[in-house]
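Structure assessment
In case you want the letters, here they are:
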Amino acid sequence: MLAQLDLKSPLHFEYQQRIEQLLHAEAFLRKGLLIHDFPECPLQIAVIGPTQAGKSSIVNVLLNDTLAGVSPLAGYTVHAQGFCHGLRSDDPEGLQHYFGRFQKLDAASLSRNRFDCYAVTGSVARSELLPACVIWDTPDFDSIDAADYREGVIRTVALADLIVLVVSKEKYADQSVWEVMQTLEAFGQPTLICLNKLAEGSETLVLDSLRQKWQQTRSDAMPEVVSLLFEKNRGGPVWPLNAQAALFGLAKRLDRKKHGEQQQLFLNRYWRQWLEPVFAEHRAQSQWQGMIDQCLEEASTAYRRDFLDHPHHYHTFQAALLNLLNLLEIPGLAKILGKTRRAMTWPVRKLMKLGRGEFKASPDLEISILNQIGDHVMIRLADKLLEKTETEVLNSGWWRETAVLLRQKRGELSMAYQQAVLGYHQDFLQDVDAAAHRLYRKLQEQPLVLNSLRATRLSTDAGGMFLAIQAGGIGVHDLVITPLMLTITSLLAESAIGGYMQRVEAELKQRQLHTVKTQLFQAVLREQLYQLPRHIQLPTRFNITEQQCRQAEQALKEKKHGLRIL
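So, here is what we can say about the structure in this document. As the structure is a computational prediction, the values presented were derived from the model and not from experiment. (Residues numbered from 1 in each chain as written. Predicted model: local features only at pLDDT ≥ 70, side-chain atom pairs only at ≥ 80, totals over all residues. Heavy atoms only, no water.)

1. What about the packing of helix H1 (residues 10–37) against helix H8 (residues 259–308)?
As a reminder of what qualifies: To get an axis, a line is fitted to the C-alpha atoms, and for a helix only the part in contact is used. The angle between two axes follows their N-to-C directions and goes from 0 to 180 degrees. Helix numbers and strand numbers start at the N terminus; a helix is a DSSP run of H or I with at least 4 residues, a strand a run of E with at least 2. Note on angle classes: values under 35 degrees are labelled roughly parallel, values over 145 roughly antiparallel, values of 65 to 115 roughly perpendicular, and the remainder oblique. Crossing handedness follows the turn of the near helix against the far one: under a right angle anticlockwise gives a left-handed crossing, and clockwise gives a right-handed one. We call two residues in contact whenever any of their non-hydrogen atoms come within 4.5 Å of each other. Each residue receives one of three labels: charged for Asp, Glu, Lys and Arg, nonpolar for Ala, Val, Leu, Ile, Met, Phe, Trp, Tyr, Cys and Pro, and polar for the others, Gly being one of them.
Two numbers describe how H1 lies on H8: the axes approach to 10 Å, and their chain directions differ by 155°. As summarised for this structure, H1 and H8 are arranged roughly antiparallel, according to the angle between their axes. Of the two possible hands of crossing, H1 and H8 adopt the one that is left-handed. Residues Tyr15, Gln17, Arg18, Gln21, Leu22, His24, Ala25, Phe28, Leu29, Lys31, Gly32 and Ile35 of H1 touch H8, and the partners they reach there are His259, Gln262, Gln263, Phe266, Leu267, Tyr270, Gln273, Trp274, Glu276 and Pro277. Tallied by class, the residues present in the contact of H1 with H8 amount to 11 nonpolar, 8 polar and 3 charged.

2. Focus: the packing of helix H12 (residues 396–427) against helix H13 (residues 429–444)
At a closest axis distance of 4 Å, the pairing of H12 and H13 adopts a crossing angle of 20°. Our classification of the angle between H12 and H13 gives roughly parallel. In this structure, H12 uses His425, Gln426 and Asp427 to contact H13, whose residues at the interface are Leu429, Gln430 and Asp431. Of the residues that constitute the contact of H12 with H13, the class distribution is 1 nonpolar, 3 polar and 2 charged.

3. A word on helix H11 (residues 365–391)
What counts is decided by this rule: In this scheme, a helix's expected span is set at 1.5 Å multiplied by one less than its residue total. Counted as a polar contact is a pair of N or O atoms within 3.5 Å, where, for protein atoms, one must be capable of donating a hydrogen and the other of accepting one, and residues adjacent in sequence contribute only when both atoms are in side chains.
With 27 residues, H11 ought to run about 39 Å at 1.5 Å a step, and its terminal C-alpha atoms sit 39 Å apart, in line with that. You can read the cap of H11 off the contacts: a side-chain oxygen lies 2.8 Å from the backbone nitrogen of Glu366, and it is on Asp364.

4. Concerning the environment of Arg541
Note on placement: Arg541 falls in the loop between helix H16 (498–531) and helix H17 (546–558). The spacing of Arg541 and Met1 is 540 residues in sequence and 7.0 Å in space, taken between C-alpha atoms. Once you skip the residues sitting within four places of it in the chain, Arg541 turns out to touch Met1, Glu281, Gly397, Trp398, Glu401, Thr402, Pro533 and Ile536. There is a polar contact of 3.2 Å between the side chain of Arg541 and the backbone oxygen of Pro533.

5. Points about the sheet that holds strand E8 (residues 225–229)
The criterion, for reference: Two strands pair under a simple rule: DSSP has to find at least two bridges between them.
On the basis of which strands lie adjacent, the open sheet formed by 8 strands has the order E3-E4-E2-E5-E1-E6-E7-E8 and mixed pairing. Two strands lie at the open edges of the sheet, namely strand E3 (103–104) and E8, each paired on one side alone. As paired strands, strand E6 (residues 162–168) and strand E7 (residues 191–198) are joined by 6 bridges and run parallel to one another. Residue Val167 lies in a different strand from E7, and its bridge partner there is Leu195. Against the sheet, helix H2 (residues 55–63) touches strand E1 (44–48), strand E2 (80–85), strand E5 (133–137), E6, E7 and E8, its axis set at about 160° to E5.

6. A short note on the pattern of salt bridges
Stated formally: Note on definitions: salt bridges are taken to be side-chain nitrogens of Lys or Arg within 4 Å of carboxyl oxygens of Asp or Glu. A simple rule labels every residue: compare its accessible area, found with a 1.4 Å probe on the protein chains alone, to the largest value its type can have, and call it buried under 20%, exposed over 50%, or partly exposed in between.
Here the structure, examined in full by the defined rule, presents 25 salt bridges. Residue Glu20 pairs with Arg150 through a salt bridge whose shortest N-O separation is 2.8 Å. Linking Glu20 in helix H1 with Arg150 in helix H4 (residues 146–159), this pair joins segments that are 130 residues apart in sequence. Each member of the pair, Glu20 as well as Arg150, carries the same accessibility label: buried. A salt bridge links Glu151 to Arg155, with the shortest nitrogen-to-oxygen separation between them at 3.0 Å.

7. Observations regarding the packing of aromatic side chains
Put simply, the rule is: Within 6.5 Å between ring centres, the rings of Phe, Tyr and Trp (the latter by its six-membered ring) count as paired, and their orientation is classed by plane angle as stacked under 30 degrees, edge-to-face over 60, tilted in between. Whether a charge sits over a ring comes down to the Lys NZ or Arg CZ being within 6 Å of the ring centre and within 35 degrees of the ring normal.
A complete count under the given rule lists 18 aromatic pairs for this structure. Relative to Phe428, the ring of Tyr424 lies with its centre 5.8 Å away and its plane at 40°, an arrangement referred to as tilted. Summarising the burial analysis for this pair, Tyr424 and Phe428 share the class buried. In this structure an aromatic cluster arises from ring pairing among Phe28, Phe187, Phe266, Tyr270 and Trp274. Over the ring of Tyr314 we find Lys509, and its NZ or CZ is 4.8 Å from the ring centre.

8. Description of the pairing of E5
Most of E5 is tucked away, with 5 of its 5 residues classed as buried. Of the two faces of E5, both are covered, the one formed by Cys133, Ile135 and Asp137 as well as the one formed by Val134 and Trp136. Pairing of E1 with E5 involves 4 bridges; the strand directions are parallel. Bridge pairing in E5 links Ala46 to Trp136. Summarising the sheet, E2 and E5 pair through 5 bridges and their orientation is antiparallel. Bridging from a neighbouring strand, Gly82 pairs with Trp136 of E5.

9. Digging into the side chain of Ser227
Mapped onto the elements of the fold, Ser227 is located in strand E8. The exposure class of Ser227 is buried, given its relative accessible area of 17%. Of the polar contacts made by the side chain of Ser227, one reaches the side chain of Glu203; its length is 3.0 Å. When near neighbours in sequence (up to four residues on either side) are disregarded, Ser227 contacts Leu195, Leu198, Glu203, Leu207 and Pro240.

10. Some thoughts on the pairing of strand E4 (residues 117–122)
The pairing of E2 with E4 spans 5 bridges and is classified as parallel. Bridge assignment links Ala80 to a residue of E4, and that residue is Tyr118. Bridge count between E3 and E4: 2 bridges; the pairing is parallel. Within the sheet, the bridge partner assigned to Lys104 lies in E4 and is Tyr118.

11. Regarding unusual backbone geometry
Located in the positive-phi region is Gln52, a residue other than glycine, with phi close to 60°. With respect to the element layout, Gln52 can be found in the loop between E1 and H2. Even without being glycine, Asn64 reaches a positive phi, approximately 60°. Relative to the assigned elements, Asn64 resides in the loop between H2 and E2. Asn64 gets classed as exposed once you look at its relative accessible area, which sits at 52%.

12. A look at the environment of Lys252
Of note, Lys252 is situated in helix H7 (residues 246–253). Taking the relative accessible area as the measure of exposure, Lys252 reaches 74% and is therefore exposed. Spatially, the C-alpha atoms of Lys252 and Pro190 are 9.9 Å apart, while their sequence positions differ by 62 residues.

Geometric values such as these leave the question of function open.
Below, the structure is given as structure tokens:
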């Protein structure tokens, strides 16, 4: 993600900072595994600080040796180098396991062209300032090139049981120093501050300022400060006599059993901040789904207005009544009347085919309305996406990419929806037929009404046939369907089952609305549109699901003594 951002983007610095914190967290988890798998791993002390603070010189002073390379040039040390003091081996157990992909090399083999390596060297000297330990000389964390070797610094800092922060009077107030120290607060590592290169007489002033910086940055108590005066003739700093036991005192405070608790604190502290960009995608996805729901609610309203409640467009219940007409035919006469009707309407049906090849009925009105509504949903969503692209500055890329994909997929989505409309329309004929049978069963409970309707049905058929014969066989029967429907509807409405008929009509309409909403708007449009942004597999998106976040958070709560799953 960071590689896709412009250097001038306000997110660039934030992402870089979060990545470093994540590297700290990963390394701290590795430290937990090291403690668990290698409980006898020796004490680890990391000497850290900004460039030209004198870290390597302090390492040599503490070791009472000259193993750490010293140079007046900034950025001279670019690899983590450990020095074993008071240990039998220069390769303490478990370090390679901890450093993972970083390769252990001899100090002489370390190259400035490769940063994923470290060195561990044994020291034969003995120092009264150090307990048995591995003391690490680390690269700076604030120079221009620090980004190249920062991961090595982070891994070494997270490995440390004790921290020695080396700052000079020129560097102690640098923002980079306190950003690092703020991050390390959750590690709970005992810390010693070496205030190096002090000019005589400036100690009190600098110490007061240093104390203020600590209090502004961290909530824990100010650690012990060892002041080292700049003495050019000595060729290096001199450790004061009153601080010779400083590191021994810190080592006594060390409790590795608390590491799991510190892991928990560190992860909890930064969890929401780390995942904020991921949560921003979740919010965008939620807003997108809200936009879809709103458009589909508008689609339902349009369907009711333009079809179900429209006095001239709604025909579903009339189709049920037409089915009822077939049920009303007297069984003995139905076959004869049916053949007669087909014979007399044949000329009309034949004429309809002339000049058009195979006859195709015009699209059903409901199908046409539903297709128009589907197109309108796509147009509305495209407009909303364009608006979001312009108003959501920090997340505009997410909306822009979604808008592009919607435009690319619109034809495919529309075709799937139109196919679903045809399928729904065909399947709903069963519901129409079921409504006709419900009416017919109710009529059977009212013999007088049933016989009256049958008589009307029979007389209308007979009248239609008579008119057809008089007109020379033209299918006049088709012209009397509408009057017949009006007659049947009037008789039903005025009969004892009039209220029941209205209830059947209302239930059929409600079921039709429910079916359209669930089978078309929800199962087809909503389902496909909801998933649309998740099909975008670009390096500009995290694509970490809410479920994955919840699983990780649950693991964080459950794994109190070692977060191996993470």
